[in-house]
Every structure is written in C-alpha cells, then in structure tokens.
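In case you want the letters, here they are:
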Amino acid sequence: MDPSKRWRYLKIWALISLALIVLFPDVVFDTTTSILGFLFDHLVEFGHILFESVEMVLDHVIEHLFETDLHSTQTIVFYVLLSIALYCLYRLGRVALRVYRRCSFAWDEFRTEHQLNPADYWRRLSPFEKIKLIVIPMALIYLYVTFFV
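Below is a summary of the structure that appears in this document. (Residues numbered from 1 in each chain as written. Predicted model: local features only at pLDDT ≥ 70, side-chain atom pairs only at ≥ 80, totals over all residues. Heavy atoms only, no water.)

### Some details on the overall build of the protein chain
Selection criterion: Strands are runs of DSSP state E lasting at least two residues, helices are runs of H or I lasting at least four, and both sets are numbered from the N terminus onward. The buried label goes to any residue with under 20% of its type's maximum accessible area, the exposed label to any with over 50%, and the partly exposed label to all in between, with areas taken from a 1.4 Å probe on protein chains only. Here the Shrake-Rupley method, with its probe set to 1.4 Å, supplies the accessible areas, and only the displayed protein chains count as covering residues.
Looking only at helices and strands, the protein chain has five helices and zero strands in total. In the protein chain, the succession of α and β elements from N to C terminus is α-α-α-α-α. A principal-axis box enclosing the C-alpha atoms of the protein chain has dimensions of 85 × 40 × 40 Å. Expressed as a percentage of its 149 residues, the buried residues of the protein chain come to 4%. Roughly 13600 Å² of accessible area belongs to the protein chain as shown, and the carbon and sulfur atoms make up 72% of that amount.

### Overview of the packing of aromatic side chains
Between two aromatic rings, the relevant description is the distance of the centres plus the angle of the planes. Note the threshold: A pair of aromatic rings is counted whenever rings of Phe, Tyr or Trp (Trp by its six-membered ring) have centres within 6.5 Å, and the orientation is called stacked for planes under 30 degrees apart, edge-to-face for over 60 and tilted otherwise.
Tallying each qualifying case throughout the model produces two aromatic pairs. Relative to Tyr79, the ring of Phe78 lies with its centre 5.1 Å away and its plane at 70°, an arrangement referred to as edge-to-face. Since its relative accessible area comes to 48%, Phe78 is described here as partly exposed.

### Considerations on the environment of Cys88
With respect to the helices and strands, Cys88 occurs in helix H3 (residues 70-113). Residue classification places Cys88 among the partly exposed residues on the basis of a relative accessible area of 45%. Separated by 29 residues in sequence, Cys88 and Asp59 place their C-alpha atoms 21 Å apart.

### Section: the pattern of salt bridges
Quick note on the threshold: Salt bridges are identified by distance alone: a Lys or Arg side-chain nitrogen within 4 Å of an Asp or Glu carboxyl oxygen.
Across all of its chains, the model carries one salt bridge by this definition. Note that Arg123 is salt-bridged to Asp120, the shortest N-O span being 2.7 Å. Here Asp120 and Arg123 lie together in helix H4 (residues 118-124), a separation of three residues that amounts to about one turn.

### Quick notes on the side chain of Asp59
Quick reminder of the rule: Just so you know, the count uses Lys and Arg for positive and Asp and Glu for negative, and it drops His and the chain ends. For this analysis, residues touch if any pair of their heavy atoms sits within 4.5 Å.
Tracing the backbone through its elements, the reader meets Asp59 in helix H2 (residues 25-66). Arg91 is the oppositely charged side chain nearest to the buried, salt-bridge-free Asp59, at an N-O distance of 26 Å. With residues up to four places along the chain from it excluded, the contact list for Asp59 reads Thr73, Gln74 and Val77.

### Considering unusual backbone geometry
Peptide bonds are, in most cases, trans, and in most cases residues other than glycine have a negative phi. The phi angle at Glu67 is positive, at roughly 50°, despite the residue not being glycine. Its location among the elements puts Glu67 in the loop between H2 and H3.

Have a look at this one:
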C-alpha cells in the first residue's frame, strides 16, 4: 500500500473515531474502561503467575543445591527475592530521578522562554477575539450539557 492511500485511510479512521466519540461519548468511555480493566486484570494475573513460577524455581534450585529443609529454603528465597526487588526499586528510583530532573529543567526553560501573563494576553486581544474566547467555550459547554448529560 502506498503512503498516500495509507494516509487517506488513517484520516478516514480518525474522522470515524472522532464522530463516534462525539456522538456516543458514554459508550466509548464505557468500552474503553472495560477494555483497560480487562487488560489490567490479566496483566496482574500474569505478573502473579510469573512471580510464583520464579519463586518455585528458586525454591527447587536452593533446596537441591544447598540441601536445606523447607523452612530454610523459604527464608533464603524470601531474602533473595527481597534483595532483587530492592535493587529493582533502586534502579527505578534512579531513572525516575533522572527523568524528573530532565522534565524540571525543560519546564524551567519553557517558562523562561514563554513568559505568559494572562492579563497582558487579555489586553492584547481585539474585542472580537475576546468575545470568541468567552462565547465558544460557553457554547460548547451548553451543547455538551444539553445533549450528553
């Protein structure tokens, strides 16, 4: 399929999706939350099964490798899994801190470049633009409340 046809089909699907969202927002919202809930439930279940399988493999490996009893094996596996989880949390915290610093730096740069003062913006608008800025959101809210609530 050539890119122009693909782009045309993508625009058609986007318009159909937008029309469905505007015409049936409650159905789209309910369907989306149902699908996301289904995926979340199955992801949690998969994570639990994966954790249990790793724990069972570690149980068998430690029990046969060190020839320990059941209680000692469970204690060793608990601390091994705890240390792995703490290491993963440590690495995740380092990544989150790096991302936070990068976002904070980008936000500070954006604020210094774009000094936005709402009063100055309002003063620079023409009377027609001021009317548009007030009337259009009010009309949209009115239509939404009238037809969808």
